Amino acid sequence: MGDFDGQVALVTGASAGVGRATAAALAREGAAVALLARGAGPLEAVAEEIRAAGGRALPIVADVTDERAVEGAVGRAAAELGGLDILIANVGTNRGGPVERLALDDWNLVLATNLTGVFLPVRAALPHLKARGRGQIVAVSSGAGRTGYANLAAYCASKFGLNGFMAALAAEVKDDGVRCGVILPGSILTEFGGRAVEEKRAGGGKYLLPEDVAASILHQLRQPAHAWVQELHLWPF
Ligand SMILES: NC(=O)c1ccc[n+]([C@@H]2O[C@H](COP(=O)([O-])OP(=O)(O)OC[C@H]3O[C@@H](n4cnc5c(N)ncnc54)[C@H](OP(=O)(O)O)[C@@H]3O)[C@@H](O)[C@H]2O)c1
């Protein structure tokens, strides 16, 4: 028996890093998981891993900034897996550098991915979550959503904004039984930002593992119906 037996989860950015670890953890605990990302190959590989371990996975290629693609993906996940109980809005990207030299395209890409890329899946998922009379959303923010870091202005703006979006959403859908939480992790050992894991490891800094973040997301999701982890700060130690 798993903690999420009979539930359906949709994880954005599920082909790598935190999304992949979270999808695998939910599947291990009995959830059927819809996996979203842009690249088909890595997504299929994660789906195969989950199936090989006895889980149920549905890979769906979609860009979270594409309104029609997201609507189609969420609809397909709910139709093929039998509704929706959990959304993990995990996709995020970063383009760093001093503000004076930050290209408008980079600024737009970060805001579109990290804000619109959460708004669209949330909007598409809400009718399905409400239809259950319960439902959960966890968005993956960042420590950079609470603290400003030099050369990360676009990323910080997007993650501060994401926290605001999720706080407003939490208040809005509370009475529909939909519980909305945010996780704010510090640095994680993934390929995020275009740096290889080996390179990060060799740099000697302190990192969380994607599995640490996944475990904390499941902790948020596991709360009894009368309890709510609105924000969870997770740092490397
Ligand atoms: N890594 C860190 O140090 C760190 C620290 C704090 C917070 N975070 C946050 O944690 C979350 C996950 O980060 P991560 O490190 O796991 O990232 P990652 O390893 O780079 O994985 C990103 C995932 O998102 C997918 N993706 C990217 N853009 C997409 C788009 N437009 N549409 C659909 N899928 C897209 C990627 O697949 P495709 O490229 O194939 O689409 C991949 O599956 C992000 O929100 C990030 O901001 C990361």
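What you see is a predicted model, and the numbers here were worked out from it, not measured in a lab.

Caption draft 1: Expanded view of the packing of helix H3 (residues 67-81) against helix H4 (residues 104-131). Packing of H3 against H4 leaves a shortest axis separation of 9 Å and a crossing angle of 35°. The chirality of how H3 crosses H4 is right-handed. In this structure, H3 uses Glu67, Val70, Glu71, Val74 and Ala78 to contact H4, whose residues at the interface are Leu120, Pro121, Arg123, Ala124, Ala125 and His128. Residue classes in the contact of H3 with H4 are distributed as 7 nonpolar, 1 polar and 3 charged.

Caption draft 2: Representation of the site of the ligand within the structure. Within the structure, the ligand sits among 26 residues, and Ser15, Val18, Asn90, Tyr155 and Thr190 are positioned closest to it. Taking Gly39, its main chain carries an N or O atom lying 2.9 Å from an oxygen atom of the ligand. Separating a nitrogen atom of the ligand from a backbone N or O atom of Val64 is a distance of 2.9 Å. Taken by itself the ligand offers 890 Å² of open surface, and the protein chains cover 89% of this. Those elements that provide at least two residues to the shell around the ligand are helix H1 (17-28) and helix H5 (153-173). The class makeup of the residues in the shell around the ligand is 12 nonpolar, 11 polar and 3 charged.

Caption draft 3: Highlighting the environment of Ile183. Inspection of the secondary structure puts Ile183 in strand S6 (residues 178-185). Spatially, the C-alpha atoms of Ile183 and Ile88 are 10 Å apart, while their sequence positions differ by 95 residues. In this structure, Ile183 is in contact with Val138, Ala139, Val140, Ser141, Ser142, Val213, Ser216, Ile217, Gln220 and Leu232, ignoring residues within four places of it in sequence.

Caption draft 4: Here's a closer look at the pairing of strand S5 (residues 135-140). Counting buried residues along S5, 6 of its 6 residues qualify, which places the element largely inside the surrounding structure. Neither face of S5 is exposed, since Gly135, Ile137 and Ala139 on one face and Gln136, Val138 and Val140 on the opposite face are all buried. Where strand S4 (residues 86-89) lies against S5, 4 bridges are found, and the strand directions are parallel. Across the sheet, Leu87 pairs through a bridge with Ile137, a residue of S5. With H4 bridging S4 and the parallel S5, this β-α-β connection has right-handed handedness. Direction of pairing for S5 relative to S6: parallel, over a ladder of 6 bridges. The residue bridging Val138 from the neighbouring strand is Gly181, located in S6. Following the backbone out of S5, through H5 and into the adjacent parallel S6, one traces a crossover that is right-handed.

Caption draft 5: Region of interest: the packing of aromatic side chains. Scanning the model with the defined rule gives 2 aromatic pairs in all. Here Phe119 and Phe165 contribute two aromatic rings whose centre-to-centre distance is 6.4 Å and whose plane-to-plane angle is 90°, an arrangement assigned as edge-to-face. Note that Phe119 is positioned in helix H4 and Phe165 in helix H5, a separation of 46 residues in sequence. Overall, Phe165 belongs to the partly exposed group, its relative accessible area being 26%.

About the criteria used
Residues numbered from 1 in each chain as written. Predicted model: local features only at pLDDT ≥ 70, side-chain atom pairs only at ≥ 80, totals over all residues. Heavy atoms only, no water. Axes fitted to C-alpha atoms, helices over the stretch in contact; angles between N-to-C directions. Helix = DSSP H or I, 4+ residues; strand = E, 2+ residues; numbered from the N terminus. Left-handed = near helix turned anticlockwise from the far one by under 90°. Contact = heavy atoms within 4.5 Å. Nonpolar A, V, L, I, M, F, W, Y, C, P; charged D, E, K, R; others polar. Near = heavy atom within 4 Å. Polar contact = N/O pair within 3.5 Å; in protein donor to acceptor, adjacent residues only side chain to side chain. Areas by Shrake-Rupley, 256 points an atom, 1.4 Å probe, with all protein chains shown as cover. Buried < 20%, exposed > 50% of the residue type's maximum accessible area, 1.4 Å probe, protein only. Pairing = 2+ DSSP bridges. Right-handed = clockwise from strand over helix to strand, strands pointing away. Phe/Tyr/Trp six-rings, centres within 6.5 Å; stacked < 30°, edge-to-face > 60°.

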